[in-house]
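A closer look at the structure
Letter by letter, the chains look like this.
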Amino acid sequence: MSLLKLTPLRRGAWRRWSIVLAGAVLLCSIPAVIAALPVQGSTIGAAALRVRILASASRPYQGYAESSADFGLPTLPDLGNVSTLLDGTTDQFVWYRSAGYWRADVVSGGGENDTYGDGGVTYLWNYGSNSFIQIIGAQPVRLPRAADLLPPELARRLLSIAGPDAHFSRLPSRRVAGVAAAGLRVTPTAPGTTIGAIDIWADPRTGLPVEVQLSARGSAHPVLFSSFLELTQTKPSLDAVTPHPAPQLGLATARQPDINRVLNGDGDGDSDSDAFPAQLGGLRLVPIPGGPPGVAIYGSGLSRLAVLPLPHSIGSQAFNAAVQAGADLVSLTGQTGAVIRTPLLSVLLVTAGFHHATWLFAGAVTPAVLEKAANSMINNLNHFRFRRPPGGGVRAKVAR
């Protein structure tokens, strides 16, 4: 048996390829080495870090982020995209110049979906369905989109909702996407919320959030996790955040849906010209400037809940789908409601009122909070039949 002998020429070639191979291995290992480097703890205080995060909306950036959610919600009619967003993994590229000009691309096995913010106008580009939609008008109330789960937007929104009354404390620093990020923990103080903690890591210099973890009370693992995998804090070009659809792709225009028409112009159906009661279950109504009168928010801080009547076309479907998905049936004031319980979100559906609308109550609150609010709404809807109008007599609702 003879040994393989390398000629000087072969030895030189082997040496050169060894150097190339070693260089490739070193190059591939750089991200792991950087991530493993010790992170120097930031001296910034919790209050100062909170303020810096809230003020980071003007900070440009571009990168690649991944979010993972496990809310445990069933699939409801006409809400398939939202159900997928809140129970699954979402990967997206983002280019952010400012709060008015940005772009987020979700890439999955099913295709690509792009969202553009273009000077106050929102564009939705779905490559799979070959659709390009322009959304006109303010959207103070809407269903969540993938871009809402990007660490900067998610962190600022949660901090804004939490308000100054929550408890803020520092977490150990960690390295995220090359950033030595300072940690901030937000602990709710309200007893009715199901949120246990909100953990945010942000660049202590710019305030830009790079990772967010949202945990339910009593849970050791986050229900929602969002983090940058790649990030540069540089301003992308205006061309990168401007949509350029093909000439043959038509533009469809959509406006904010008039949810209020479900109840013929009166949000809660009691004919007092006020869309909703001032209080429900002891929770005060939160004004929504420019919001549709058919949607209401009650409560404060992280103990808020949303109330809205579902369109008749999907109201009964949603109730039946919830029951089939394992929702608990609960006894309310003269009605039976369906409650979906998850570690973080609670949802209650009930059909009530003169218009027999299916009402949806939802929030990061305990089911007991939703049931109390639902009973209060039912009592309010029943009460209007017996109020006396200014001219005397008993006000009665006349079917149209």
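The rules we used
- Residues numbered from 1 in each chain as written.
- Predicted model: local features only at pLDDT ≥ 70, side-chain atom pairs only at ≥ 80, totals over all residues.
- Heavy atoms only, no water.
- Helix = DSSP H or I, 4+ residues; strand = E, 2+ residues; numbered from the N terminus.
- Buried < 20%, exposed > 50% of the residue type's maximum accessible area, 1.4 Å probe, protein only.
- Lys, Arg positive; Asp, Glu negative; His and termini not counted.
- Salt bridge = Lys/Arg side-chain N within 4 Å of Asp/Glu carboxyl O.
- Contact = heavy atoms within 4.5 Å.
- Pairing = 2+ DSSP bridges.
- Axes fitted to C-alpha atoms, helices over the stretch in contact; angles between N-to-C directions.
- Arc of directions from axis to C-beta.
- Polar contact = N/O pair within 3.5 Å; in protein donor to acceptor, adjacent residues only side chain to side chain.
- Expected span 1.5 Å × (residues − 1).
- Phe/Tyr/Trp six-rings, centres within 6.5 Å; stacked < 30°, edge-to-face > 60°.

1. Thoughts on the side chain of R50
- Following the sequence through the fold, R50 ends up in helix α2 (residues 46-54).
- Despite being buried, R50 has no salt bridge partner; D165 is the closest side chain of opposite charge, sitting 8.5 Å away.
- Those residues in contact with R50 that lie beyond four places of it in its chain are L159, G163, P164, F168 and L184.

2. Some thoughts on the sheet that holds strand β13 (residues 279-280)
- An order of β13-β14-β15-β16-β20-β19-β18-β17 is seen for the 8 strands of this open sheet, with the pairing classed as antiparallel. Each edge of the sheet is formed by a strand with only one pairing partner; in this case those strands are β13 and β17 (328-331).
- The sheet strands contacting helix α6 (residues 367-383) are β13, β14 (283-286), β16 (305-310), β17, β18 (336-341), β19 (346-352) and β20 (357-363), and the helix crosses β19 at an angle near 20°.

3. Looking at α2
- The set of residues buried in α2 consists of A46, L49, R50 and I53. Each buried residue of α2 sits inside an arc of 100° when the element is viewed along its axis, so together they form one side. Turned more than 90 degrees from where α2 packs its buried face, A47 and V51 sit exposed.

4. Structural notes on unusual backbone geometry
- In this structure, A177 takes a positive phi of about 50° despite not being glycine.
- Note on placement: A177 falls in the loop between β7 (167-176) and β8 (179-187).

5. Description of the side chain of D148
- Residue position: D148 is located in the loop between β6 (131-136) and α4 (151-162).
- A distance of 2.8 Å separates the side chain of D148 from the backbone nitrogen of R145, its partner in a polar contact.

6. Some words on α4
- Over its 12 residues, α4 extends 16 Å from the first C-alpha to the last, a length consistent with the 16 Å expected when each residue adds 1.5 Å.
- Listing the buried residues of α4 in full gives P151, P152, L154, A155, R156, L158, L159 and A162.
- Just downstream of α4, G163 is the residue with a positive phi angle, here 70°.

7. Here's the deal with the packing of aromatic side chains
- Here the structure, examined in full by the defined rule, presents 8 aromatic pairs.
- Look at W125 and Y127: their rings are 4.8 Å apart centre to centre, the planes differ by 10°, and that puts the pair in the stacked class.
- Classification of W125 as buried rests on a relative accessible area of 9%.
- Residue Y127 is classed as partly exposed on the basis of its relative accessible area of 37%.
- By way of ring pairs, the aromatic residues Y123, W125, Y127 and F132 are connected into one cluster.

8. Brief notes about the pairing of strand β9 (residues 195-202)
- The buried fraction of β9 amounts to 7 of the 8 residues, a majority that puts the element mostly inside the structure.
- The pairing of β8 with β9 spans 5 bridges and is antiparallel. Bridge pairing in β9 places G183 opposite W201.
- As defined by bridge partners, β9 adjoins strand β10 (residues 209-216) across 7 bridges and the pair is classed as antiparallel. Across the sheet, I195 pairs through a bridge with A216, a residue of β10.
- Hairpin connection between β9 and β10: a loop of 6 residues separates the two successive antiparallel strands, and G207 in this loop has a positive phi of roughly 80°.

9. Side note on the pairing of β8
- Across 8 bridges, β7 lies against β8 in antiparallel orientation. Each residue of the ladder has a partner; that of L171, found in β8, is G183.
- Linking β7 to β8, which pair antiparallel, is a turn of 2 residues; within it A177 sits at a positive phi near 50°.

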